[in-house]
Amino acid sequence: MDRRTAKSANLIRLGEREVRYRFVRRRRRTLGITVDVDGLKLSAPLRAPWRDIEGFVREKERWILAKLDQWAQTPRPARLHGASGERMPLFGELVQLEVQRGPVRRQNGTLFIPDLRSLMKWLKAIALDVLTPRAAHFAQLLGQPAPRVALSNARTQWGVCTEGGAIRLSWRLVHIDPQLADYVIAHETAHLVELNHSARFWRVVERLYPDWRPARGRLELAGAALPIFKETP
């Protein structure tokens, strides 16, 4: 890792590869590394010596390269206009859209829709139907009453639990594998008893969803591939 190269061209040699990255100094106490759909980002305290930054990156080299490869293989979001032949993930499986008069209906791997607006309305309706009983299930495991569930339109925040015990979930959860959606619901339901992200909270999550750690990583990848709906003006 060459200091001049890293500062001028934002390139790091990791193994046999040159990796482009973003670098920022902030008022923080620790070094940080993020790998996402936009690539590698390094964050450092304002006065952190470059040798410490370089050493930290070297320690994480294998992890960084593995995450970059993982993101490189992640499908990019499809832009849907509601046209026949377009494909969309539904509960983790790809379905093909076919424009046809009448109500939205699914037949095997085909989803018949009259238009894009009707499709979105249908997706939100089944989201509420499918997600609400799952929240009740996890709440019951905690000895809590079934929470009130509402939908949000968020793309980057899967869910939120309010102080009043209501849960809002992104309707876009209908696109992903139901077992992965369960992690989101278990996470938000755990907030019914721990409205924080303390060690106690994560113990509750683990009780509800033991495999939450790998699920969190898979969820990040799934979010990057969510389809984008483009209604015709």
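Going by the structure above, here's the rest.
This structure is a prediction, so every number in the text was calculated from the model and none was measured. (Residues numbered from 1 in each chain as written. Predicted model: local features only at pLDDT ≥ 70, side-chain atom pairs only at ≥ 80, totals over all residues. Heavy atoms only, no water.)

With twelve residues, helix H3 (residues 61-72) extends 17 Å from end C-alpha to end C-alpha; this agrees with the ideal 16 Å at 1.5 Å per step. Those residues of H3 that fall on the buried side of the exposure criterion are Glu61, Ile64, Leu65, Lys67, Leu68 and Trp71. Down the axis, H3 shows its buried residues gathered within 165 degrees of arc, on one side only. Residues of H3 that are buried sit in contact with strand E1 (11-14), strand E2 (17-26), strand E3 (32-36), strand E4 (39-45), helix H2 (50-59) and helix H7 (212-224). (Helix = DSSP H or I, 4+ residues; strand = E, 2+ residues; numbered from the N terminus. Expected span 1.5 Å × (residues − 1). Buried < 20%, exposed > 50% of the residue type's maximum accessible area, 1.4 Å probe, protein only. Arc of directions from axis to C-beta. Contact = heavy atoms within 4.5 Å.)

A word on the pattern of salt bridges. Scanning the entire structure with this criterion turns up eight salt bridges. Where Arg58 meets Glu61, a salt bridge forms, and the shortest distance between an N and an O atom there is 2.8 Å. Overall, the relative accessible area of 19% leaves Glu61 in the buried class. (Salt bridge = Lys/Arg side-chain N within 4 Å of Asp/Glu carboxyl O.)

On to the sheet that holds strand E12 (residues 167-170), then. Taken together, three strands build an open sheet; the order of strands is E10-E12-E11 and the sheet is mixed. Only two strands of the sheet have a single partner each, and these edge strands are strand E10 (149-152) and strand E11 (159-161). Across the sheet, the axes of successive neighbouring strands diverge by a mean angle of 20 degrees, strand direction being ignored. Where E10 meets E12, four bridges bridge the pair, whose relative direction is parallel. Within E12, the residue paired with Ser152 across the bridge is Ser170. Of the strands in this sheet, E10 and E12 touch helix H4 (residues 116-141), which is tilted by about 140 degrees from E10. (Pairing = 2+ DSSP bridges. Axes fitted to C-alpha atoms, helices over the stretch in contact; angles between N-to-C directions.)

Right, let's get into the nonpolar core. Ranked by size, the top nonpolar core spans 46 residues in total, and within it Met88, Leu119, Leu123, Tyr183 and Phe229 carry the most contacts. For this core, the secondary structure elements donating two or more residues are strand E6 (87-90), strand E7 (93-99), strand E9 (110-113), H4, E12, helix H5 (178-190), helix H6 (199-208) and H7. A per-element tally of this core places H4 first, with nine residues. Among all residues touching Met88, those that are not within four sequence positions of it are Leu80, Glu93, Leu94, Val95, Leu111, Leu119, Leu123, His175, Pro227 and Phe229. Membership of the second largest hydrophobic core comes to 19 residues, among which are Leu14, Leu40, Ala44 and Ala48. (Core = buried A, V, L, I, M, F, W, Y, C linked by side-chain atoms within 4.5 Å.)

Quick look at the packing of H5 against H6 now. Where H5 contacts H6, the two axes come as close as 9 Å, and the packing angle between them is 135 degrees. Between H5 and H6, the angle is such that the two are oblique. Relative to H6, H5 is oriented so that their crossing is right-handed. Contacts from Tyr183, Ala186, His187 and Ala190 in H5 reach Phe201, Trp202, Val204, Val205 and Leu208 in H6. When its residues are assigned to classes, the contact of H5 with H6 shows eight nonpolar, one polar and no charged. (Parallel < 35°, antiparallel > 145°, perpendicular 65-115°, else oblique. Left-handed = near helix turned anticlockwise from the far one by under 90°. Nonpolar A, V, L, I, M, F, W, Y, C, P; charged D, E, K, R; others polar.)

Moving on, we come to unusual backbone geometry. In the Ramachandran plot, Phe91 falls in the positive-phi region, its phi being about 55 degrees despite a non-glycine side chain. Topologically, Phe91 is positioned in the loop between E6 and E7. Of note, the phi angle at Asn108 is positive, near 55 degrees, even though the residue is not glycine.

We now examine the environment of Leu14. With respect to the element layout, Leu14 can be found in strand E1. Put simply, Leu14 and Glu188 are 174 residues apart on the chain and 38 Å apart in space, counted from C-alpha to C-alpha. Sequence-distant contacts of Leu14, that is, excluding residues within four places in its chain, are made with Val19, Val57, Arg58, Glu61, Ile64 and Leu65.

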